[in-house]
Amino acid sequence: MGEMIDATALNGEGMFKAYRADPSGTPTAAIIVIQEVFGVNPGIRQKCDRLAEQGYLAIAPDLFWRIAPGVELNPDIPAELQRGLDLFGQFDQDAGIRDIEATIHQARQLLGGTGKVGAVGYCLGGRLAFMTACRTDINAAVGYYGVGIDGLLGEKHAIAHPVLLHIAGDDGFVDKATQQKMHEGLDDHPKVTLYDYPGEDHGFATEMGDRRSEEAAQLADDRTAAFFREHLA
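Let me sum up the structure you'll find in this document. Keep in mind it's a predicted model, so treat the numbers as computed, not measured.

### Concerning the packing of helix α3 (residues 93–110) against helix α4 (residues 124–135)
Put simply, α3 and α4 touch, their axes get as near as 10 Å, and they point 70° apart. With respect to α4, the axis of α3 lies roughly perpendicular. Remark: the crossing between α3 and α4 carries right-handed chirality. Within the contact between the two elements, α3 uses Gln-93, Asp-94, Ile-97, Ile-100 and Ile-104 and α4 uses Arg-127, Leu-128, Met-131, Thr-132 and Arg-135.

### Section: the layout of surface pockets
Approximately 330 Å³ is the volume attributed to the largest pocket. What lines the largest pocket is a set of 16 residues, among which Lys-47, Arg-50, Gln-54, Glu-207 and Asp-221 lie closest to the centre. Roughly 250 Å³ of volume is contained in the second largest pocket. Lining the second largest pocket we find 15 residues, and of these Leu-81, Leu-85, Cys-123, Phe-173 and His-202 sit closest to its centre.

### Details of unusual backbone geometry
A positive phi angle, near 60°, is found at Asn-11, a position not held by glycine. Relative to the assigned elements, Asn-11 resides in the loop between β1 (3–8) and β2 (15–21). Even without a glycine there, the phi angle at Cys-123 is positive, about 60°. By relative accessible area, which is 10% here, Cys-123 ends up buried.

### Thoughts on the pattern of salt bridges
Taken as a whole and judged by the stated rule, the model has 14 salt bridges. Where Asp-6 meets Lys-17, a salt bridge forms, and the shortest distance between an N and an O atom there is 2.7 Å. Within this pair, whereas Asp-6 is found in strand β1, its partner Lys-17 is found in strand β2, the two being separated by eleven residues in sequence. Relative accessible area serves as the criterion here: at 42%, Lys-17 is assigned to the partly exposed category. Note that Arg-45 is salt-bridged to Glu-72, the shortest N-O span being 3.1 Å. One end of the pair, Arg-45, is in helix α1 (residues 42–53); the other, Glu-72, is in the loop between β4 (56–61) and α2 (78–90), and 27 residues separate them in sequence. Among the ionic contacts, a cluster of salt bridges with common partners joins Glu-13, Arg-66, Arg-98 and Asp-99.

### As for the nonpolar core
The biggest cluster of nonpolar side chains holds 45 residues, and the ones touching the most others in it are Ile-32, Ile-34, Val-117, Leu-128, Phe-130, Leu-165 and Leu-186. Within the residue set of this core, elements represented by two or more residues are β3 (29–34), β4, α3, β5 (117–122), α4, β7 (163–168), α5 (176–186) and β8 (192–197). With near-sequence residues (within four places) excluded, Val-117 lies in contact with Ala-30, Ile-32, Ile-104, Ala-107, Arg-108, Leu-111, Ile-138, Asn-139, Ala-140 and Leu-232. Counting residues in each nonpolar core, the second largest holds 31 residues, with Tyr-19, Leu-164, Ala-205 and Ala-220 among its members.

### A short note on empty space enclosed by the protein
Any empty space left between atoms is shown by rolling a water-sized probe over those atoms. Taken as a whole and assessed by the stated rule, the structure comprises one cavity of 30 Å³ or more. Looking at the largest cavity, its volume works out to about 60 Å³. Among the elements of the structure, β6 (140–144) and β7 are those that each provide at least two residues to the lining of the largest cavity. Grouping the constituent residues of the lining of the largest cavity by class yields eight nonpolar, four polar and one charged.

Quick notes on the rules
- Residues numbered from 1 in each chain as written.
- Predicted model: local features only at pLDDT ≥ 70, side-chain atom pairs only at ≥ 80, totals over all residues.
- Heavy atoms only, no water.
- Axes fitted to C-alpha atoms, helices over the stretch in contact; angles between N-to-C directions.
- Helix = DSSP H or I, 4+ residues; strand = E, 2+ residues; numbered from the N terminus.
- Parallel < 35°, antiparallel > 145°, perpendicular 65-115°, else oblique.
- Left-handed = near helix turned anticlockwise from the far one by under 90°.
- Contact = heavy atoms within 4.5 Å.
- 1 Å grid on protein atoms, 1.4 Å probe; cavity = no way out; pocket = protein on both sides within 12 Å on 5 of 7 lines; lining within 4 Å.
- Points joined across faces, edges and corners; volume = space filled by probe spheres on them.
- Buried < 20%, exposed > 50% of the residue type's maximum accessible area, 1.4 Å probe, protein only.
- Salt bridge = Lys/Arg side-chain N within 4 Å of Asp/Glu carboxyl O.
- Core = buried A, V, L, I, M, F, W, Y, C linked by side-chain atoms within 4.5 Å.
- Nonpolar A, V, L, I, M, F, W, Y, C, P; charged D, E, K, R; others polar.

As structure tokens, then:
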């Protein structure tokens, strides 16, 4: 359904690739799909394709273009999982937010200068979705099992548009204490909604592979779809 396109980074930093999936008709809005540490792999492209089926223009920027352009990893292969974790350690998150902002600008241009833009991210992308809500004018943002969000709560005052966070109850990368800090810091925020998925591990909503937990993934994705219908209309 989709294709790789060129995107222009901010401040003359260069060009990077992004996967673009278009709906069959005029898009109702655009959604930026923010990768895990495994690059714009088949699972992320399938996320874009599904959003296009729902009527959205979906774009997934290659956020690792500065360190490993075009990398695609399979988290079910131990060596590739470790490669993703190594790339996470090298990744400049502030630069990643600039690339997401550049993608937001491009999406708005593709929509003809009007229309709303949302973002949805997974793992690293869940963290970046929260940062995007704090640092850009994104119209709505969703984060799945975002890592280290407790360390970003000092930015929550800057959230101006709706945010939805999905929390895996038995997340191997986000322990119970961190989950509690997220609730303590965000439950009373008028723009933020948190959903817990007891017993679920990190990656439960992946499109494919061993990590997927079908029932929880469907529930989270249904909530995400309703959220975007409400806030990107």
